[in-house]
Amino acid sequence: MGEMTTIKTQDGDFAAYVARPSNPKAPAVVVIQEIFGVNAVMRGVCDELAAAGFLAVCPDLFWRIEPGVDITDQSEAEWKKAFELYNAFDVDAGVKDIAATIDHVRGLAECSGKVGAVGYCLGGLLAFLTSTRTDSDASVGYYGVGIEKHLVEADKLAHPLMIHIAEEDGFVPKEAQALILSKLKNHPQVQAYTYPGRDHAFARVGGEHYDAADAKLANGRTLAFFQQHLA
């Protein structure tokens, strides 16, 4: 359904996957990758959003380290590479690239002008920071890793944010979850949902901890959220 495009910035150019809806003008969603690059899972998220009526764009946020990363979670070697990329990743530069992607997409003739963001894992943290540092109209973070280290930025939240937290997340300890919820659950811009018994990446199709029922629940909440705030 999709194709690759190029986003130009002052720091350099990087690629992005684009999936277009059937309607000629639509709101857009920037899809923020996990630690496996712009892979089949992320392209699938874009395709599903396009089928639901959104212009979906997934930028290659690892381009500063290694452009074109497209790996899976199915082998030990790929996990090793994914964590090497994660450890080398500059979060602040990544948010700048997301902001550049939002600007690029908002300027497209086929975009209605409304642009949201959804991110997973590393992208879940980046979605939170997108909501505090950019002009994204609405952002959603799935099982974001490290949000608790950036909670001071919640005071800058000016647009709606939804977060999905897996209660048994091996990468987000209970103490971190408690900090996140205590800071965000009563924030007027935030909708926070927890998923009992679920581990990290419960919405990643084909992943070890994938749970079809809770993935459907979370994705339904996300879709309704975008339909409300990006219309």
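Residues numbered from 1 in each chain as written. Predicted model: local features only at pLDDT ≥ 70, side-chain atom pairs only at ≥ 80, totals over all residues. Heavy atoms only, no water.

Draft legend 1. Representation of the overall build of the chain within the structure. For the chain, the count of helices and strands is six helices and eight strands. Along the chain direction, N to C, the helices and strands of the chain fall in the order β-β-β-α-β-α-α-β-α-β-β-α-β-α. Whereas a compact globule of 231 residues would reach a radius of gyration of roughly 17 Å, the chain reaches 16 Å, a difference of no more than 12%. Its C-alpha atoms give the chain principal-axis dimensions of roughly 45 × 40 × 35 Å. Across the chain, 20 positive and 31 negative side-chain charges occur, with their mean positions spaced 5 Å apart. (Helix = DSSP H or I, 4+ residues; strand = E, 2+ residues; numbered from the N terminus. Rg over C-alpha atoms; globule rule 2.2 N^0.38 Å. Lys, Arg positive; Asp, Glu negative; His and termini not counted. Charge placed at Lys NZ, Arg CZ, Asp CG, Glu CD.)

Draft legend 2. Looking closely at the packing of helix α3 (residues 91–106) against helix α4 (residues 122–133). Axis separation between α3 and α4 bottoms out at 10 Å; the angle between their running directions is 65°. α4 is crossed by α3, and the crossing has right-handed handedness. Of the residues in α4, those in contact with V91, D92, V95, I98 and I102 of α3 are L125, L126, L129, T130 and R133. A class-by-class count of the residues in the contact of α3 with α4 yields seven nonpolar, one polar and two charged. (Axes fitted to C-alpha atoms, helices over the stretch in contact; angles between N-to-C directions. Left-handed = near helix turned anticlockwise from the far one by under 90°. Contact = heavy atoms within 4.5 Å. Nonpolar A, V, L, I, M, F, W, Y, C, P; charged D, E, K, R; others polar.)

Draft legend 3. Just the side chain of D73, in detail. With respect to the helices and strands, the residue D73 is situated in the loop between β4 (55–59) and α2 (76–88). In this structure D73 comes out as buried when scored by relative accessible area, which is 15%. Within the local environment of D73, its side chain forms a polar contact with the side chain of R204, the two groups lying 2.9 Å apart. (Buried < 20%, exposed > 50% of the residue type's maximum accessible area, 1.4 Å probe, protein only. Polar contact = N/O pair within 3.5 Å; in protein donor to acceptor, adjacent residues only side chain to side chain.)

Draft legend 4. Examining the sheet that holds strand β2 (residues 12–19) more closely. If you walk across this open sheet you meet the eight strands as β1-β2-β4-β3-β5-β6-β7-β8, and the pairing is mixed. The outermost strands of the open sheet, each flanked by one partner alone, are β1 (3–9) and β8 (190–195). The average angle at which neighbouring strand axes cross in this sheet is 25°, direction not considered. Where β2 lies against β4, four bridges are found, and the strand directions are antiparallel. Residue A19 lies in a different strand from β4, and its bridge partner there is A56. (Pairing = 2+ DSSP bridges.)

Draft legend 5. Expanded view of the side chain of D60. Assignment of secondary structure puts D60 in the loop between β4 and α2. Buried within the structure, D60 lacks any salt-bridge partner; its nearest side chain of opposite charge belongs to R64, at an N-O separation of 9.7 Å. At 3.2 Å, the side chain of D60 and the backbone nitrogen of F62 are in polar contact. (Salt bridge = Lys/Arg side-chain N within 4 Å of Asp/Glu carboxyl O.)

Draft legend 6. View of the nonpolar core. V31, V118, L184 and F226 are the most contacted members of the largest nonpolar core, which has 76 residues in total. No other element matches the six residues that α4 contributes to this core. The residues touching F226, leaving out its near neighbours within four places in the chain, are V29, F54, G116, A117, V118, A138, V140 and A231. (Core = buried A, V, L, I, M, F, W, Y, C linked by side-chain atoms within 4.5 Å.)

Draft legend 7. View of the state of the cysteines. Tallied over the entire structure, the rule returns zero disulfides. Sulfur of C121: no disulfide; nearest cysteine sulfur belongs to C58 and is 13 Å away. Here C121 falls in the buried class, since its relative accessible area comes to 8%. (Disulfide = S-S within 2.5 Å.)

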